[in-house]
Amino acid sequence: KDDNSKFWATYKRVSTEYDNDFLEQADDDMGIILTFAGLFSAVNSTFLVGSQPNPGDTTNALLLYLIKVTVDGSNSVPDISTLSSFTGFVPSTVWMQSLSYASLAFSVLAAFGAVLGKQW
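All values derive from a computational prediction rather than experimental measurement.

A. A look at the pattern of salt bridges. As enumerated under the stated definition, the model contains two salt bridges in all. Taking the shortest distance from any N to any O, the salt bridge between Glu-17 and Arg-13 comes out at 3.9 Å. Taken together, the positions of Glu-17 and Arg-13, both in helix α1 (residues 2-50) and four residues apart, correspond to about one turn of that helix. The salt bridge involving Asp-27 is made with Lys-118; its shortest N-O contact spans 3.0 Å. With a gap of 91 residues between them, Asp-27 in helix α1 and Lys-118 in helix α3 (residues 91-119) connect regions that are remote in the sequence. We classify Lys-118 as partly exposed; its relative accessible area is 36%.

And the structure:
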């Protein structure tokens, strides 16, 4: 019976050390994943904002036409056919933005998983 109790005492000590080392390493890994996911999300969001089309160009052209109508009077209506019309998005732009949004979603999901892992 004495050998049996020594075995279980040794097993408990060794398993506790192994579990503590494993949990410490997992916690460090989750911290690294959380940091990387946060930085990647910030950079990815910056590129997504920069790749959006500029709606200010059409707005500025329309404001110039309104100013022209105001200055020249209501009888002179400028030709608005020279304004650029929307012809659709370029397929490569759609693909790039779709991939960027998907990578942002997965990055946020990874950060969420890391937070859950650290709190567990």
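B. The arrangement of the layout of surface pockets in detail. Reported here for the second largest pocket is a volume of approximately 180 Å³. Taken together, Phe-22, Leu-23, Ala-26, Asp-27, Met-30, Gly-117, Lys-118 and Trp-120 form the lining of the second largest pocket. If you tally residues by element for the lining of the second largest pocket, the top one is α1, at five residues. Among the residues making up the lining of the second largest pocket, the classes are represented as five nonpolar, one polar and two charged.

C. Here's a closer look at a nonpolar patch on the surface. Side chains of Phe-106, Leu-109, Phe-112 and Leu-116 sit close together on the surface and give an oily, nonpolar patch of about 460 Å² of accessible area. Mapped onto the elements of the fold, Leu-109 is located in helix α3.

D. Spotlight on the environment of Ser-98. Here Ser-98 is to be found in helix α3. Using a relative accessible area of 41% as the deciding quantity, one classes Ser-98 as partly exposed.

E. Representation of the packing of α1 against α3. Their axes nearest at 8 Å, the elements α1 and α3 cross at an angle of 155°. Between α1 and α3, the angle falls in the class roughly antiparallel. Along this stretch, α1 crosses α3, giving a crossing that reads as left-handed. From α1, Asp-27, Met-30, Gly-31, Ile-33, Leu-34, Ala-37, Phe-40, Ser-41, Asn-44, Ser-45 and Leu-48 reach across to α3, where they touch Gln-97, Ser-100, Tyr-101, Ser-103, Leu-104, Ser-107, Val-108, Ala-110, Ala-111, Ala-114, Val-115 and Lys-118. Along the lines of polarity and charge, the residues of the contact of α1 with α3 split into 13 nonpolar, eight polar and two charged.

Here is what the cut-offs are and how they apply
Residues numbered from 1 in each chain as written. Predicted model: local features only at pLDDT ≥ 70, side-chain atom pairs only at ≥ 80, totals over all residues. Heavy atoms only, no water. Salt bridge = Lys/Arg side-chain N within 4 Å of Asp/Glu carboxyl O. Helix = DSSP H or I, 4+ residues; strand = E, 2+ residues; numbered from the N terminus. Buried < 20%, exposed > 50% of the residue type's maximum accessible area, 1.4 Å probe, protein only. 1 Å grid on protein atoms, 1.4 Å probe; cavity = no way out; pocket = protein on both sides within 12 Å on 5 of 7 lines; lining within 4 Å. Points joined across faces, edges and corners; volume = space filled by probe spheres on them. Nonpolar A, V, L, I, M, F, W, Y, C, P; charged D, E, K, R; others polar. Patch = residues over 30% accessible without salt bridge, like charges linked within 9 Å, V, L, I, M, F, W, Y side chains within 5 Å. Areas by Shrake-Rupley, 256 points an atom, 1.4 Å probe, with all protein chains shown as cover. Axes fitted to C-alpha atoms, helices over the stretch in contact; angles between N-to-C directions. Parallel < 35°, antiparallel > 145°, perpendicular 65-115°, else oblique. Left-handed = near helix turned anticlockwise from the far one by under 90°. Contact = heavy atoms within 4.5 Å.

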